[in-house]
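Breakdown of the fold
The residues making up each chain are set out below.
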Amino acid sequence: MTRDMTVGNPVKLIISFSIPLLIGNLFQQLYSMVDAVIVGQFLGVDALAAVGTTGPLSFLVLGFVMGMTGGFSVVVAQRFGAGDYDDMRHTVAMSAILSVALTILMTILSVAFCWKLLEIMNTAENIIGMAYDYIVVIFAGTFSIVLYNSLSGILRALGDSKTPLYFLILSSLLNVVLDLVFIINFQMGVAGAGYATVLSQFVSGLLCLVYMAKRFPILHFRREDWRFSAATCRHLLKIGSPMAFQFSITAIGCITLQGAVNSFGSAVTAAYTAASKVETLTQQLMQTLATTTATFVGQNLGAGKMSRIREGVRRCRQITDVSSLVLMVLVYLFWRSFVSLFISGDQPEVFDAARTYLYIIMAFYLPLGWVNIFRNALQGMGEAFVPLMGGVMELIMRVVVATLAVPLGFWAVCLASPMAWIGAGIPLLITYRRRIRTMCEFEKAKNENEAVQTE
């Protein structure tokens, strides 16, 4: 079922669209969280550190393809909002072709260079073998990540955020079962967690494909929809590439940060891994609202409703602010219970480092929410350059702080991400305010002119 976000109460639309998307995002986090929980509890701290140290590498590659497919879905949302279903189908077809080519390229490159990247990140000798066993499986299964994210992105662009949720819940539960079977029964080690993730994600993507074929008549393709169009592909790449590079730029900064963390030893690496999982979980609501913002803005831009865009973005930011404050309090009060999900036994060094990281990170959650909202609002408007430059600023700040902070201790390294969020947020906020003011003034002048002509 499609959902038109160009009419109706913006707050109700945002909330009703976001709830299933949020639940879906939380279940999607089960993929990595279950891996970390089962690995940490059954294989030990070193295995947890091994899986955790691959996080930035996974973000580098998979974030790139997810950013690209996310950009494609923005264009689909714009076509849907404009009511141009023929062009929308053609856009979906061209995005499918580009996604296949992207998958092949990224799979080859990531598998070939993952060991070297682990060495660059100062991965400890006692965990680098396990880290490679896990991440090479994830990279080899890039096709499953692309399949689900591209199809679920299209469904959300059409206003359907519930269907991807149902399939994701099913595959998340499957991931739990496969993790237990592969790691405990088959004793496949950390590689078993990788296989469970890839297979489960493939199931969710396949279910999305079958559902779209059966339930969305406006996506029933004709032969002419698949005629290759260089102009359409260029436009898709124009929107998708900055979003993809933005993810990769952020990931490069995270790799630098991970390298700085690794220099403190496997115990701190394990603590950083556990705390990062808690951080990622708490970020799902703001990321959900960011995705909702992009869809809302994309559809209303296609419909020419600029004032409605400003109202929707303002509401998304307000909800993000309130939720961020609530989450900050919860983490400060219950941080140890959250970290205990991943760390077993009495390990004071690990718990102390995890607490340090969470206390510092959570203090900066408001600016992180603003970065997510305004970045996705600009991307929904078709703005590519400034979000990319925001990512560059984020990279510079994270690399500089992480590099210079190592001699001061782990607490100083923890400031790298907050400084990156602030550095990225300033140009995004300024650009959004300028763009939306200009767009609303143009809309007002147009409406006044039409009113005069009518009289």
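Look a little higher up for the structure.
Throughout what follows, the structure given in this document is the object of discussion. (Residues numbered from 1 in each chain as written. Predicted model: local features only at pLDDT ≥ 70, side-chain atom pairs only at ≥ 80, totals over all residues. Heavy atoms only, no water.)

**Points about helix α13 (residues 348-362)**
If you check α13, its first and last C-alpha atoms are 21 Å apart, about what 15 residues at 1.5 Å a residue would give, namely 21 Å. Within α13, the full set of buried residues consists of V350, F351, A353, A354, Y357, L358, I360, I361 and M362. (Helix = DSSP H or I, 4+ residues; strand = E, 2+ residues; numbered from the N terminus. Expected span 1.5 Å × (residues − 1). Buried < 20%, exposed > 50% of the residue type's maximum accessible area, 1.4 Å probe, protein only.)

**Focus: the packing of helix α3 (residues 55-81) against helix α5 (residues 125-140)**
Two numbers describe how α3 lies on α5: the axes approach to 11 Å, and their chain directions differ by 10°. Classed by the angle they form, the pair α3 and α5 counts as roughly parallel. Contacts between α3 and α5 involve L57, S58, V61 and L62 from the first element and I135, I138 and F139 from the second. Among the residues forming the contact of α3 with α5, the class breakdown is 6 nonpolar, 1 polar and no charged. (Axes fitted to C-alpha atoms, helices over the stretch in contact; angles between N-to-C directions. Parallel < 35°, antiparallel > 145°, perpendicular 65-115°, else oblique. Contact = heavy atoms within 4.5 Å. Nonpolar A, V, L, I, M, F, W, Y, C, P; charged D, E, K, R; others polar.)

**Here we look at unusual backbone geometry**
Even without glycine at this site, N122 takes up a positive phi of about 60°. In this structure, N122 sits in the loop between α4 (85-120) and α5. The partly exposed category is assigned to N122, whose relative accessible area is 48%. Located in the positive-phi region is Q187, a residue other than glycine, with phi close to 50°. If you trace the backbone, Q187 turns up in the loop between α7 (162-185) and α8 (190-215).

**Overview of a nonpolar patch on the surface**
A cluster of nonpolar side chains, contributed by V322, V326, V329, L330, L333 and F334, occupies part of the molecular surface with about 550 Å² of accessible area. Topologically, F334 is positioned in helix α12 (residues 306-339). Since its relative accessible area comes to 44%, F334 is described here as partly exposed. (Patch = residues over 30% accessible without salt bridge, like charges linked within 9 Å, V, L, I, M, F, W, Y side chains within 5 Å. Areas by Shrake-Rupley, 256 points an atom, 1.4 Å probe, with all protein chains shown as cover. Salt bridge = Lys/Arg side-chain N within 4 Å of Asp/Glu carboxyl O.)

**Let's talk about the nonpolar core**
Counting residues in hydrophobic clusters, the biggest one holds 90 residues, and the most contacted among them are V339, F342, I343 and Y365. Those residues in contact with Y365 that lie beyond four places of it in its chain are E279, T282, Q283, M286, S324, M328 and W421. (Core = buried A, V, L, I, M, F, W, Y, C linked by side-chain atoms within 4.5 Å.)

**Focus on the side chain of T293**
For T293, the position within the fold is in helix α11 (residues 284-303). Of note is the side chain of T293, whose polar atom sits 2.7 Å from the backbone oxygen of L289. Those residues in contact with T293, other than ones at most four positions away along the chain, are V313, C316, I373, N376 and A377. (Polar contact = N/O pair within 3.5 Å; in protein donor to acceptor, adjacent residues only side chain to side chain.)

**A few points about the side chain of Q283**
Relative to the helices and strands, Q283 is located in the loop between α10 (266-282) and α11. Those residues in contact with Q283, other than ones at most four positions away along the chain, are Y365, L368 and W421.

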